[in-house]
Every structure is written in structure tokens, then in C-alpha cells.
Amino acid sequence: MNAAVATSVFGAFMVVTVALGLLAVRGRGNRGRDGLAEWSVGGRSLGTVFIWVLMAGEGYTSFSYLGAAGWGYNYGAPVLYVVAYMSCGYAVGYVVGPMLWAYARRHGLVGITDMVAHRFGRPWLGALVAVLATVFLLPYIQLQITGMGVVVSTISYGAISLNWAYFIAFAVTTGFVVVSGLRGSAWVSVLKDVLVIATLGFLALYVPMHYFDGYGPFLDRLVTEKSEWLTFPGHGDSGLGQAWFITTSFLNSLTVVIFPTTVAGYLGAKNADVLRRNAMWLPAYNVLLFVPMLLGMAALFVVPGLVGAESNLALFKLVVDSLPAWAVGVIGVAAALSSIVPMAVFMLVIGTMWGRSVLSLVPRWEQRQKGAAQTVVVAAGVIALVLTYTAPNTLVRLSLISYEGMAQLLPMVLLGLMWRRLTLLGAMAGLVVGVGVVCAFVFTGNDPVWGVNAGIVALGANLAVALVVTYAGPREHDDRPDGDVLARDEPGERRETAEGREPELSGVGVSEASDAPAGA
């Protein structure tokens, strides 16, 4: 009976979710290249509220709902890096977001693959970055499938196996994103945020009162019996000390602003001021992250003995063991939507990158970019599902791998868009070295390395090589003016483009001069 009630509540909300996605795109253009812009960046017309809930939805995922609780359960204090990097990342985004928005708007671009291809005048470079970004985004999609699968299996009281739950997560999200695109994700984010705020606010009060008779006894017991969880490097021989915390927070705060999904949120805004207001309000959402972290440590006393990936169940074990089935279903919906919204955006971004920068290089696909992108969405979802079955991992580990790999695009994207002197050869050499170093550390189990995040060591090598090759090599020639190559956010231009028509989506922005070297 409990399983039937909880899953019925869950199923009803999933129907509402799909309906919202369909309603969001009703009557919107969906043909040709305009269709790709509408599907992938919401027609560049989303206002402050939709951008806020959409980007908050990307930051508050099943990783936050389950992984943060799991790491709080396993280690304690090191999990606070999530709050640190997201808050710092929003501050960086206040500057970077409007700059990227203006650059993409000016040249009719829809993602970072377009941007690097336009900046360096090489269509093939966009394709290369799309492939590389996909490799490092797939673990994040796998993370969301794992998280939603855990939710579905748990709220069914075990009636639905994890394997079937993973498939349900894949099927619901893939169908949703193919139909609704970015605008549908923004609409569903409103529902998700209402449920997340309500359920976490309830759990923040309920769990300490129900299991410990209040916060005082709970915190007193935590300090007395689990003090190791409250200091660095946390519980156990994790190697997650202060140096790791600082380097991870710094690396992720820079990386999050060029994460393809974050950029999709930027480009969906109707003007740059929306992004500035958004950056000021988003840190308030981070307060919610303390709740699953604290509840994860509360689970130490209630459901001890969870190991490995089982620690991701720490929060939901508290819920299932003490709440009525209908409440379990509602909390499960909040957690599931925390998977669906970001997973939809990740899959959408992969589809857009391939449809625009890879498959568009094939003549017969060039005029069918939206269809190509939707096909890639399904393929990416299938690959992530297979990885979920064959190579499971804890949620936080998957998140860190994605960020460490994506960080290696920082010199090519941010430095390249702000510094004309950076050459294509320098950017490529740095990228190859950075990706090689991070893969060597991660796949040999040496992360952290020397007490710091392996990704920042790789980024240091990446940047050093890029600068050395740029200065040691020949100066490249590009006849385009700085305004056509570099990213700037000028108030006059912002007002003009906000009122003007949508720029035509051109290939990657450069004409026949795209075959000329760039970077002078």
C-alpha cells in the first residue's frame, strides 16, 4: 500500500511535468535554424524569474539532494566546498555572464563551441570542443540518472528495482527535453523550486525534532560523538584537507561560468541586466544546501553502516523510515525534479553542440540542425544509461570528474575571448596537456594529488603551455577587428541588441576568412 501511494503521487507529478513542458513551447517557432535557437536557448527571451529558477535548478541537482547528504554522511566538513564554489562562481558570473551573452548575441551563436570556433576562425575547432565537452558532461548526466533512479527505487519501498528506476529516469528526461527544450526546463524549474524549498524547509525542522528532540540535543551529540566530521579533512583518510578545499572551490568557481549548461542559461536571457540581477540573487538559494549536508550527518545516528554508493541513500532512509507514504512521494518528486531539470539542460546542451558544431559540417545536416540535435540527445542519454549500469560511482565523484575535465577549456574560452594574442596553437597545446594530466591523475587514483585538487594542477600546466607556445611561436594574422573577435559587454550595444531583431544564426560566424589564422 505504501509503495502504491508514493508511486501514484510521483506518477501524477511526472504527468504535470510533461504537461508543463508541452505548454511552454506551444505556438513557438520550431523550424529551421530559428527552431534551434528557440529549442536550445529559449529564443533568447527569458526574463529574471525564469533565468533565476533555471540556473538555480542547474545548481541544485540530485547531487545536492543526495550526494551532499552522502558526503556529509561519509566525510562531513569537506562537502561545504559546494556552498563555497557556487557562491564564488555567481560572483564571477556577474562579470562573465553578460560578456558571453553580448558576444553570442552579436554573432548569432548558441554555445561555447560556437564561440571558440568564431574566436579562432576554425569550424572544426567547435566540433573538437563539442566532442571533448561531451566526454566530460556524460558523467554529470550519469549522476542525474543515478540520483533519480535512487529516488524512484526508494520511494517505491523497493518495489521498483534500481535497474528499472534508472531506465525510468532516462526515459522521462529524454522525452521531456526532446519535446520542450530550454523553455520547458525553465517552466518546470518553477514547480521544482516550490517543492524543493517546501520539502527541505520541512525536513530541516522535522528530522532533528523527530529523531533527536530538537537541534540542541542533535548538535550536542554530533560534537560529542562525531567531532571528526566537523573539521578538515573530515572523517577517515580522505585526503580532503584545507588545501583540497581551497583549490577545489577556486577551480569550480571558475569552471562553472563556462560550463556549457551555465552558458545555455546565460544565452537564454533577454538582456544582460537579467544576468546581473540573477547573479545577485542566486547565492540566497545556497542556504538550502546546508540542509541535506546536515541531514546526512544526522543519518549517522539513525542509519549507521552505509558504505560506498549506499551513502547516497542517507537522506531518503530518514524519510522512508518515518514519514507517511504520500509525504515520501512528494519529497521524492522534489528530488526527482532536481534530477530532471539539470539533466534535461545537460542533454540539451550536448545535442545543441553536436547539431550546431559537428553534424552541421555535413552538408545534408546543415539545414536540419534542430533534428540533428534532438537525435544526439537520445544517443547521449543512452550512453549515460549504459555507463550507469556498467560503471557506477558515487555522486560527488562523478561531479568532480566533470568539473576537473571541463576546467581545461578555461584558457581557450575565457582567456581566448579576452586576449587577442592567444594563438590557436597555444590554446590547443595547453588543452591537450591539461586533459592529459587530469586524466592521468583521475584514472590512476591520484586525486587529490599532493593534497590539492588534481584539476587545478592540470589547469596550471595547461595555462603554462598555452602561454609558452603563444609567446614562443609566430604571431598569427587575422584581419578581423577586435570587436569581432573579443567578447565585450558594452552598455550601448546591450540596449541596441535587446531592442533589435534576433541575429541570424550563421555557421560559426566567420566568412571565408575563417580559413585564415587567428590570434594576432
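Our next topic: the overall build of the protein chain. Looking only at helices and strands, the protein chain features 23 helices and zero strands. Out of the 520 residues belonging to the protein chain, those deemed buried represent 60%. Across the protein chain, every contact between residues at least 6 apart in sequence was considered, and the portion connecting residues at least 24 apart equals 86%. Here the protein chain has roughly 18,800 Å² of accessible surface; of this, 67% comes from carbon and sulfur atoms.

Let us now look at unusual backbone geometry. Put simply, Phe232 and Pro233 share a cis peptide bond, and its omega is 5 degrees. Relative to the elements of secondary structure, Pro233 occurs in the loop between helix 9 (215-225) and helix 10 (242-255). Of the consecutive residues Asp447 and Pro448, the connecting peptide bond is found in the cis state with omega at 5 degrees. With respect to the secondary-structure elements, Pro448 resides in the loop between helix 20 (424-443) and helix 21 (454-472).

Most of helix 11 (residues 260-267) is tucked away: eight of the eight residues are buried. Those residues of helix 11 not exposed but buried are Pro260, Thr261, Thr262, Val263, Ala264, Gly265, Tyr266 and Leu267.

Inspection of the entire model under this criterion finds 17 aromatic pairs. Between the aromatic rings of Trp164 and Phe167, the centroid separation amounts to 6.1 Å while the plane-to-plane angle is 85 degrees, which identifies the pairing as edge-to-face. You can see Trp164 and its partner Phe167 sitting in helix 8 (residues 162-212), three residues apart, about one turn around the helix. You can call Phe167 partly exposed: its relative accessible area is 36%. Residues Phe167 and Phe170 carry aromatic rings whose centres are separated by 5.9 Å and whose planes lie at 50 degrees to one another, so their mutual orientation is tilted. Highlighted residues: Phe167 and Phe170, both in helix 8, separated by three residues, approximately one helical turn. Aromatic ring contacts, followed pair by pair, group Trp71, Tyr75, Tyr81, Tyr85, Trp244, Phe259, Phe346 and Tyr403 into a single cluster.

For the rest of this paragraph, the subject is the packing of helix 5 (residues 81-107) against helix 11. A pair of packed helices is captured by two measures, namely the crossing angle of their axes and the spacing between those axes. Packing of helix 5 against helix 11 brings their axes to within 9 Å, and their N-to-C directions diverge by 70 degrees. Comparing their axes, helix 11 and helix 5 come out roughly perpendicular. Between helix 5 and helix 11 lies a crossing of right-handed hand. Judged by residue contacts, Gly93, Gly97, Leu100, Trp101 and Ala104 of helix 5 engage Val263, Tyr266 and Leu267 from helix 11.

Okay, the nonpolar core next. The nonpolar side chains of soluble globular proteins are, as a tendency, buried together. Grouped together as the largest cluster of nonpolar side chains are 143 residues, with contacts concentrated most on Met115, Ile141, Ile145, Leu409 and Met412. Per element, the largest residue contribution to this core is 20 residues, and it comes from helix 15 (residues 325-358).

On the surface, Tyr94, Val95, Met280 and Trp281 cluster together into a nonpolar patch covering about 480 Å² of accessible area. When you line up the elements, Trp281 lands in helix 12 (residues 272-285). With relative accessibility at 57%, the residue Trp281 sits in the exposed group.

Bringing the environment of Lys226 into the picture now. Note that Lys226 resides in the loop between helix 9 and helix 10. Along the backbone, Lys226 and Met297 are 71 residues apart, and their C-alpha atoms lie at a distance of 8.8 Å. Filtering out sequence-adjacent residues up to four positions away, Lys226 remains in contact with Arg221, Leu300 and Phe301.

As a further point, take the pattern of salt bridges. Under the counting rule described, the total for this entry stands at four salt bridges. Residue Glu225 is joined to Arg221 by a salt bridge in which the shortest nitrogen-to-oxygen separation is 3.2 Å. Here Glu225 pairs with Arg221, and both are found in helix 9, just four residues apart, close to one helical turn. Assessed through its relative accessible area of 47%, Glu225 is described here as partly exposed. Across the salt bridge formed by Arg480 and Asp478, the nearest N and O atoms sit 2.7 Å from each other. The pair formed by Arg480 and Asp478 is uniform in burial state, with each residue classed as buried.

Attention now goes to the packing of helix 11 against helix 15. Helix 15 packs onto helix 11 with a crossing angle of 85 degrees between their chain directions and a minimal axis gap of 9 Å. As summarised for this structure, helix 11 and helix 15 are arranged roughly perpendicular, according to the angle between their axes. Counted together, Pro260, Thr261 and Ala264 of helix 11 and Val345, Phe346, Val349 and Met353 of helix 15 form the full contact between these two elements. Taken together, the residues of the contact of helix 11 with helix 15 sort by class into six nonpolar, one polar and no charged.

Let us now look at the environment of Gly355. Structurally, Gly355 is set in helix 15. Spatially, the C-alpha atoms of Gly355 and Ala372 are 5.0 Å apart, while their sequence positions differ by 17 residues.

Tracing the backbone shows Asn252 in helix 10. Residues in contact with Asn252, not counting those within four places in the same chain, are Tyr81, Tyr85 and Tyr403.

For the protein chain, the mean per-residue pLDDT works out to 82, and 82% of the residues sit at or above 70. Per-element averaging of pLDDT across the protein chain places helix 23 (residues 491-499) at the bottom with 45 and helix 21 at the top with 96. Contacts of residues 30-34 to residues separated by more than four positions or lying in other chains number eight contacts, the stretch itself having pLDDT below 50. Of the regions scoring below 50 in pLDDT, residues 492-520 engages in 77 contacts with residues more than four places distant in sequence or in other chains.

Let's shift gears to the environment of Phe443. Among the secondary structure elements, Phe443 is positioned in helix 20. Considered as a pair, Phe443 and Ile401 are 42 residues apart in the sequence and their alpha carbons are 9.9 Å apart.

Analysis parameters
Residues numbered from 1 in each chain as written. Predicted model: local features only at pLDDT ≥ 70, side-chain atom pairs only at ≥ 80, totals over all residues. Heavy atoms only, no water. Helix = DSSP H or I, 4+ residues; strand = E, 2+ residues; numbered from the N terminus. Buried < 20%, exposed > 50% of the residue type's maximum accessible area, 1.4 Å probe, protein only. Contact = heavy atoms within 4.5 Å. Areas by Shrake-Rupley, 256 points an atom, 1.4 Å probe, with all protein chains shown as cover. Phe/Tyr/Trp six-rings, centres within 6.5 Å; stacked < 30°, edge-to-face > 60°. Axes fitted to C-alpha atoms, helices over the stretch in contact; angles between N-to-C directions. Parallel < 35°, antiparallel > 145°, perpendicular 65-115°, else oblique. Left-handed = near helix turned anticlockwise from the far one by under 90°. Core = buried A, V, L, I, M, F, W, Y, C linked by side-chain atoms within 4.5 Å. Patch = residues over 30% accessible without salt bridge, like charges linked within 9 Å, V, L, I, M, F, W, Y side chains within 5 Å. Salt bridge = Lys/Arg side-chain N within 4 Å of Asp/Glu carboxyl O. Nonpolar A, V, L, I, M, F, W, Y, C, P; charged D, E, K, R; others polar. pLDDT = per-residue confidence, 0-100.

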